[in-house]
Amino acid sequence: MDKLETLRAELVAAVTAAADLAALDEVRVTALGKKGRVTELMKSLGGMSPEERKAAGAALNSLKDEVAAAIEARKAELEAAELDLRLARERVDVTLPARPEETGRIHPISQTMDEIVAIFGQMGFEVAEGPDIEDDFHNFTALNIPPEHPARSMHDTFFLPERADGSRLLLRTHTSPVQIRTMQTTKPPIRIIAPGRTYRCDSDMTHTPMFHQVEGLIIDKTTHFGHLKGCLIEFVRTYFEVDDVPVRFRPSFFPFTEPSAEVDIGCSRAGGELKIGPGGDWLEILGCGMVHPNVLRACGIDPDEYQGFAFGMGIERIAMLKYGIPDLRTFFESDLRWLKHYGFVPLDVPSLTGGLTR
Amino acid sequence: MKFTLSWLKQHLDTEASVDDIGARLTMLGLEVESLEDPAKDLAGFTVAHVVEAVQHPNADRLRVCTVDAGGGDRLQVVCGAPNARAGLKVVLARPGTRIPVTGDVLKKGAIRGVESQGMMCSWRELGLGEDHEGIAELDPALPVGRPLTEVVSFDPVFDVSITPNRADCLGVRGIARDLAASGLGTLKPFEVKPVPARFPSPISVSLNFPREAADACPLFAGRYVRGVKNGESPQWLKDRLVAIGLRPISALVDITNYITYDMARPLHVFDADRLTGNVQARLARPGEKLLALNGKEYVLDETMTVIADDERVEGLAGVIGGEETGCTAETANVFIEAALFDPLRTAATGRKLEILSDARFRFERGVDPAFVVPAMEMATAMILELCGGEPSEPVIAGAAPDWHRVIGLRPQRVTSLGGVDLSTDAITGILTGLGCQVIPGADGTLMVEPPSWRGDLTAEHDLVEEVIRIHGYDNVPVATLPRAPMPRTVLTPTQRRGVAVRRGLAGRGMIETVTWSFTSSAFAPSFGGGKPDLALANPISSDLDVMRPSVLPNLIAAAGRNADRGAKDLALFEVGPQFDGGAEPGQQRQVVGGVRAGRTGPRHWNAPPRAVDAFDAKADALATIAAAGGNPDSLQVAADAPSWYHPGRSGSLKLGNKVVAWFGEVHPRVLKTMDVAGPLAAFEVFLDAIPLPKARPTKARPLLKASPFQPVERDFAFVVDATVPAATLIKAARDADKQLITEVSVFDLFEGPSLGEGRKSLAIAVTLQPTEKTLTDAEIEAVGQKIVAAVGKATGGTLRG
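Here goes a summary of the coordinates provided.

Definitions and cut-offs
Residues numbered from 1 in each chain as written. Chains lettered and ligands numbered in written order. Predicted model: local features only at pLDDT ≥ 70, side-chain atom pairs only at ≥ 80, totals over all residues. Helix = DSSP H or I, 4+ residues; strand = E, 2+ residues; numbered from the N terminus. Rg over C-alpha atoms; globule rule 2.2 N^0.38 Å. Buried ≥ 20, exposed ≤ 12 C-beta atoms within 10 Å, placed from the backbone. Pairing = 2+ DSSP bridges. Expected span 1.5 Å × (residues − 1). Arc of directions from axis to C-beta. Contact = placed C-beta atoms within 7 Å.

So, about the overall build of chain B. When helices and strands are tallied, chain B shows 18 helices and 40 strands. Here chain B has a C-alpha radius of gyration of 42 Å; the compact-globule value for 801 residues is 28 Å, and the former is much larger. Each principal axis of the C-alpha distribution contributes one length, and for chain B these read about 125 × 85 × 60 Å. Expressed as a percentage of its 801 residues, the buried residues of chain B come to 41%.

Let's shift gears to the sheet that holds strand β20 (residues 313–316) of chain B. All names here are of chain B. Spatial strand order, β13-β16-β19-β20-β21: five strands in an open sheet with mixed pairing. The strands lining the two open edges of the sheet, one partner per strand, are β13 (205–208) and β21 (320–321). Summarising the sheet, strand β16 (residues 279–283) and strand β19 (residues 305–308) pair through four bridges and their orientation is antiparallel. Among the inter-strand pairings, L283 is bridged to a residue of β19, identified as T305.

In this section: the pairing of strand β35 (residues 658–666) of chain B. Residue and element names in this part refer to chain B. In terms of residue burial, β35 counts as a mostly covered element, since seven of its nine residues are buried. Here strand β34 (residues 645–655) pairs with β35 via seven bridges, running antiparallel. The residue bridging L655 from the neighbouring strand is K658, located in β35. Joining the antiparallel neighbours β34 and β35 is a turn of two residues, in which G656 adopts a positive phi near 60°. Direction of pairing for β35 relative to strand β36 (residues 680–686): antiparallel, over a ladder of five bridges. Residue pairing in the sheet places W662 in a bridge with E684 of β36.

Quick look at helix α1 (residues 2–17) of chain A now. All names here are of chain A. Between its terminal C-alpha atoms α1 stretches 22 Å, which fits the 22 Å expected from 16 residues at 1.5 Å a residue. Buried residues of α1: L11, A14 and V15, and no others. Along α1, the residues classed as buried sweep out an arc of 100° about the axis, all on the same side. Every exposed residue of α1 that faces more than 90 degrees away from the buried side is listed here: D2, E5, T6, A9, A13 and A17. Where α1 is buried, its residues touch α2 (21–32) and α4 (50–89).

Put into structure tokens, the structure is as follows:
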């Protein structure tokens, strides 16, 4: 038995001494391999008497199990050490910058249009469109703007070259021609908004030759001036996300509406900072009114039966006011720094239920 | 339109404060643009009396004054004004008072060692004029101790913006009438009494117009006044004119300006001694000249109305008078002109000759047709009062056109259109206050005759506006717009894809911009434009003088501007119109255009960037089409982009023969024309060319058929002629077994001498997706052979050895 005991001690010592997995495997072969020392001893059991074999067999099996267990334990140890070593080698500097990804932007004009559509969509307005190049009838005559009106002079309107018949096409000076085109082709009731590009021959600090407007039009049998107030107050409070912003309707004059009004919203300029809300000061944001009977007539709608209201609003203006953009001209300069700063990330999709603005 | 409070109060009896009047004007539609109330800043100033003024012990120029501030208060005030002397009534500021001109609050202090308990102010320090010669000297009769604003009147100046329909409010009386109608005071009675004539007029008046121009001047009232003395106007008149920004000239001229602003009634006074013969209104003869009162000479034409004597033109009717017959200090006899001129003709003349005048401004908006003869009488009376003299009999030619009209107003229209319920009495009250005659009709309709000065009131809705305007828009109850219980989809499919494309491209890292619909005629021809019918007749500048034939020139120019600022790498896109067809309305096309410039990103330690190329643009174009709901797999690719693209690095995406998109690198010659550095990859997608998805009866998707068997991938490398399009090879491979082959991708392209001149190797990975059972090696081999055969047939290619 001493012999076995010595062998056990010898093998266990060899297992413990194995410095790596290869050495350990060598120890395994030496001990438990086909010609290993324990295996050889097992083979010798055949020549023993049954009693001897029983006792020696048990002792040998115990030795074999013990050595195998020692090998397994050592193997796990060595593997863990090796993994640690590999991981240590694989270390990276995590403070290095990640691979670059560009995030795009939505232009503030598009974003504001989407907001406007979200709000008026809730009130049942559909979106209508019309051409940028217009004729005299749709831009002026049908809107009750007589031929002598100063708005028709070269001063305000961009014209295309005179045609053979002496007429001239023009770039629409407002989105109101879309009212006309809609009324000419749609039977009331009508509820539309029409956002789009508009053009005036004007360029200075506060004017650009191209800008954007949104037109609104309701035609039915019952909508009156009180509804106009209600609709626009709701819009203003929802758009600016200020529930208590004061809204003021001031009598004004437009050829295509009567009664006409200009709409101001309350603001404060305390400390040189403009803030939309109650504050004693006013900012003009849009013009509106009840559609003039002459406009209805020009579109073949009987003004004794139908009525409604229309409004027009500058998109850049309300975007500037809401988002604190100081200069109108910068909207069209395509300056990357401006676009990245004032633009919106594509996932900011305006919705009334999900939030108009992040 | 400017006026002062005292001027307003000449027509309006009111106790309302300046601020209340201002607020009401704005809410009447007479928007107050500015309201200067000098008294606003003068709250702390009082009247004081200088009892004693002695030399300052330590300063030659200073005096130490003892000031009686009222109520027994005696203050010691150090003053440097040369006019500070005993006995003077002065304006006193005590410590704590804000000095208007500096905004500083006065503190008690010592000046050169002597305590000063207040300050005596100059007019300039009070913000009232530039007089800084010394301290203000008040009327000696003013009571000591009283607030300055209570004993000295400061006339606030209103500046209101008058909408073009309110010609009547271009006179103070019209404004007063609106205020009175709204309940802010009472309109004072005003009546013009005819001035008795002393002699027949030596000058007669005639209207000489052809029949078709008879409306150019339907009525002319004139009057001769002899023996006038044209001096300075009295102070009250000068004060009013100065307050509203007019320069007092002489009594005769000031009278006409005064009546213009008081009654919205321009008139003219000729120096009668400088007229030759009689006066007539007629059309100008082509080429006739007038030296006008502004010192400029104008050449007239036959569309213009003039006032002439027997010799020449003496005035441009309703626009400006003539220099030759203007009144001077020597003027002794005058001829007054009050006439009616056609608004359109007056406006056209003024526009053509570029003359802006108070007279034109009023005539082109329409003056009161019933206030012609009264205006002449009013002017006569004022001239007699201020300049003396004797009036002749009036000379009148023509007659006022009939302005009387009756408009029916159904009171319920105020409710159904104006949105406010008002009694017939209230409606009648408002309209009467505005000068209308209101007679109740049989069926409850009010028969309304507007006054002569309200030519803008022509129909029932005009009256509804007047009623709710005077009642107050603020007092119209807010009504909620009736609406459907659930909102519907409000965007058309076309509009929805505009939104999707924007957000899709931004999601790809591109930045949306908005550029002008115009571009430069220097660039347009390079992009297929330059048609004369799409040039602007009146461009704002030479670099924005044509409608853009493509979005690209503006985007390329934007890329160039950004590069100049150091931002060379960028990806910009725009969704907007292009004008490449006819000029007629509706011939524009909605386009998505984009450019990528420079490199794909910043330099990075691990992912090095590369120069942008045609495949970036192709990917953008395909992504745009997919975002718009198109099917990128259904498109044919061809290398036939238009001339502004690199001929070897660009292509088109088509559906049949309809071009859906162009993409590629921009032609270097175009970049050179635009002075922008390349390379620059661009695309244009024509949204209208993408078919809208078919409306389906259900939104249910087809059932997912996921195969339980693993897909198998096999690689093939083919050597083909270098001119063989990859797409042909891919299509051939894919079509080799439509059941099993689900994907063919190109993973390598190789060209080299080992393949021979003009040859290339394309390596493809083919994915086979069995649906019924796992494929055996033999089956996979069979598909492989089919692929090799199909590619060989389509391209002449062979497997690379």
